[in-house]
Amino acid sequence: MGHDPWAELRERAEAVRTAIEARLGVRTHADLVEAPEDKGLFSLAVFPYAKELRKAPPAIAAEAALVPAPEPFAGLQAVGGYVNLTAEPAAFAAHVLGSVASLGEAYGSSPAQPMRILLEHTSTNPTGPLHVGRARNPILADALGRLLKMAGYPVTREYLVNDVGRQMVVQYWGTRHLTPAQVGPPDVDKADYRFIKYYQKATEIFEHDAAAKADVAEMIRRFELGDVALTKDVRKVAEEVLSGILASLARLGVAFDSFYWESDSILDGRVQEVIERLMPLSHEEGGSHYLDLSSFGLEGDAAKYFFVRADGTSLYTTRDIAYHLDKMRRCDVAINVLGEDQKLTFDRLKAAFRLMGIEWAPETVFYAFVSLPEGKMSTRRGVVVNLDDLLDEAVARAGEEVAKRRPDLSEGRKREIAEFVGVGAVRYNIARVQAEKRIVFRWEEALNFEGNSAPFLQYAHARACSILDRAGPRTTGDPRLLVHPQEQLLLRRIARFPSVVRDAALGRRVHAVAGYAADLAAQFNQFYRDCPVLNAGSEGLRGARVELVDASRVVLRNALDGLGLVAPREM
RNA sequence: GGACCCGUCGCCUAGCACGGAUAGGGCUCCGGAUUUCUAAUCCGGCUGUCGUGGGUUCGAAUCCCACCGGGUCCGCCA
């Protein structure tokens, strides 16, 4: 029994299609599609054959329906201009549950693939706390990483730490010249909140203090000319802030396998190597150098890719190239998850690679921004919702719900449930939307606990666990008894899971799994309503339903896990 | 100005790369369901010019063209 029952069914259905086309004697090819649920598993629209056969589609469908169909199909039905391939319910149930049983807890995952994937995401500048606008990056990317792993690919999740540049130096200058009293108390006693106060105060001071401004300008100059001690000191500040950011991400369930520090690439000479390599390809303008990318579909300023200033110092573009050359050595496929504001930047990077004669290029997944009803989030204008605030609020709200629903539980247990419900609600609400669609952040939507939400999925999982707890030791059931319409609909969803995961991973479409999971949970709830498990009519049916609930539990758990959500035993 | 992205019930959203059967969900609102496995559930009802106009096709939310509205970018910043 294979790992992917749906793919196997589709393969058999494709063979039926081939047989139909042979019987009709057509050269025209028609596509097999998944059928509407009340019409079978797959269906074939015969309209494309009509022209070649010069016959009416219903007549063609009737002729096509005479072709025999293999197990577990029941046969072909002609309906108008369509031929539908229906499943024989008992055989279908046995087929699906057999597949699940063969993989057990790992059902949904595909065989290991050799292609190494390096997934870079978040990589937000280590100057302060993460806000909700940026939080879409880790939520989306972490789920993508989980789904890729489930689809069989070895994935390394990497954070590019930009501990280089003027912004970092300004912040460092603040920590050296300003006192905690001057910058004021942070909103939260956490490194990312503490250090951003220095950055904010420093930029404020430069507006009216010319001496201070000159001082930091001098520091930036020293930094850019390669002052090693200064570079290392600045990095220490970045490390502190990063620890705060990582703590927030950890609460979301997001972790990294590696970190790439930009300062390292400068100190160990990798950036200098890139400059030397680009020089022969470059044009010079006032002592600085750039690549001309105008033959790659770029126009105007966008076509001038400056990589070294007149004083010989590097630009972020140079370090970007150094970074991606390094990445290229460490993986087969590099995926970067980025805000849509980075689109042109990456077009330029890819063009630069081609100019260098490099065939390889990183792949990009872009997402649109999360904005507030009043407009764009802006740290400078103070119009932001920090990720930590959102999580705190979500968990507090979840806590109220738990207190209402489960007064029987201990305080500690209630807190645990509130945590995964609140955090899950936030993750799900962002993961469920197509990346390229912009999201307007509204509290009432982000904290939705019913309908299409994480708690809805988690609840279905807890329900399944509860039934299994009460069911006691497993008895052998007969899967061929699972012919109730709700059972068949549930089995159909379970069957599709491995394909859904693979398609989502390969298409980099995380939201597809969110939609699938919600659909699965809804169907499980309908099955729950119509099909008693513990009090099923016979031992054989009871055993089979217990097995179906267990299969549902595995799929719900793995779907939740793929989205980075906790699958609770109770809530 | 140019490039790229988005535009589907009152609100949010799926479907669009591979065109097919009455365009699925969720929220809101109204009305129901609990001697049975967790009611964060389920059922019923209301709600749609798929931005607009053309084109291709037996068939268009889906493909093509134009336009409208919104977003993002076009630094020797990162």
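Each value, and the rule that gives it
- Residues numbered from 1 in each chain as written.
- Chains lettered and ligands numbered in written order.
- Predicted model: local features only at pLDDT ≥ 70, side-chain atom pairs only at ≥ 80, totals over all residues.
- Heavy atoms only, no water.
- Pairing = 2+ DSSP bridges.
- Helix = DSSP H or I, 4+ residues; strand = E, 2+ residues; numbered from the N terminus.
- Axes fitted to C-alpha atoms, helices over the stretch in contact; angles between N-to-C directions.
- Buried < 20%, exposed > 50% of the residue type's maximum accessible area, 1.4 Å probe, protein only.
- Contact = heavy atoms within 4.5 Å.
- Domains from an automatic or database assignment.
- Salt bridge = Lys/Arg side-chain N within 4 Å of Asp/Glu carboxyl O.
- Near = heavy atom within 4 Å.
- Polar contact = N/O pair within 3.5 Å; in protein donor to acceptor, adjacent residues only side chain to side chain.
- Nonpolar A, V, L, I, M, F, W, Y, C, P; charged D, E, K, R; others polar.

Novice: Just checking my understanding: could you explain the sheet that holds strand S12 (residues 363-367) for this structure?
Specialist: One key point about sheets: their strands pair by backbone hydrogen bonds, in either a parallel or an antiparallel sense. The strand order across the open sheet built from 5 strands is S7-S6-S5-S11-S12, with neighbouring strands paired in parallel fashion. Only two strands of the sheet have a single partner each, and these edge strands are strand S7 (258-261) and S12. Strand-to-strand twist in this sheet, taken as the mean axis angle between neighbours without regard to direction, amounts to 25 degrees. Examined bridge by bridge, strand S6 (residues 155-161) and S7 share 4 bridges and lie parallel to one another. Note on S7: the bridge partner recorded for Leu160 is Tyr260.

Novice: Just to check I follow, could you spell out the pairing of strand S11 (residues 333-339) for this structure?
Specialist: Extensive coverage of S11 is indicated by the burial of 7 of its 7 residues. Burial along S11 is two-sided: the residues Val333, Ile335, Val337 and Gly339 and Ala334, Asn336 and Leu338 are all buried. The sheet contact formed by strand S5 (residues 117-120) and S11 spans 4 bridges and is parallel. Across the sheet, residue Ile117 finds its bridge partner in S11, namely Val333. Here 5 bridges tie S11 to S12, and the two strands are oriented parallel to one another. Pairing of Asn336 across the sheet is with Thr364, part of S12.

Novice: How should I be thinking about the environment of Val566 in this particular structure?
Specialist: Looking at the secondary structure, you find Val566 in the segment after helix H21 (539-562). In sequence terms Val566 and Val423 are 143 residues apart; their C-alpha atoms lie 9.1 Å from each other. For Val566, the residues in contact, after removing those within four places along its chain, are Phe420, Gln458 and Leu560.

Novice: Looking at this model, I keep getting lost on the domain arrangement of chain A. Mind explaining?
Specialist: By a widely used convention, the size of an interface equals the accessible area lost when the partners come together. Splitting chain A by domain gives domain 1 (5-87), domain 2 (117-365), domain 3 (368-444) and domain 4 (448-571). A separation of 54 Å is found between the C-alpha centroids of domain 1 and domain 2.

Novice: Explain the pattern of salt bridges to me, please; I cannot follow it from the model alone.
Specialist: The tally for this structure, following the rule as stated, stands at 54 salt bridges. Between Asp388 and Lys190 there is a salt bridge, with its nearest N and O atoms 3.4 Å apart. Of this pair, Asp388 sits in helix H15 (residues 387-405) while Lys190 sits in the loop between helix H7 (180-183) and helix H8 (191-208), placing them 198 residues apart in sequence. One salt bridge in this structure joins Arg442 and Glu445, with 3.8 Å as the shortest N-O distance. Given a relative accessible area of 43%, Glu445 falls into the partly exposed group. Overlapping salt bridges, with partners in common, bring together Asp142, Arg146, Arg157, Asp257, Arg427 and Asp561 in one network.

Novice: What is the right way to look at the protein's contact with RNA strand B in this model?
Specialist: Residues in close proximity to RNA strand B total 66 residues, the closest being Tyr82, Tyr316, Tyr459, Ser466 and Tyr528. Counting only atoms of RNA strand B within 4 Å of the protein, the fraction found in sugar and phosphate groups is 66%. Residue Asp341 places a main-chain N or O atom 3.5 Å away from a sugar or linking oxygen belonging to RNA strand B. A per-element tally of the surface near RNA strand B places helix H18 (residues 454-471) first, with 8 residues. The class makeup of the residues in the surface near RNA strand B is 26 nonpolar, 15 polar and 25 charged.

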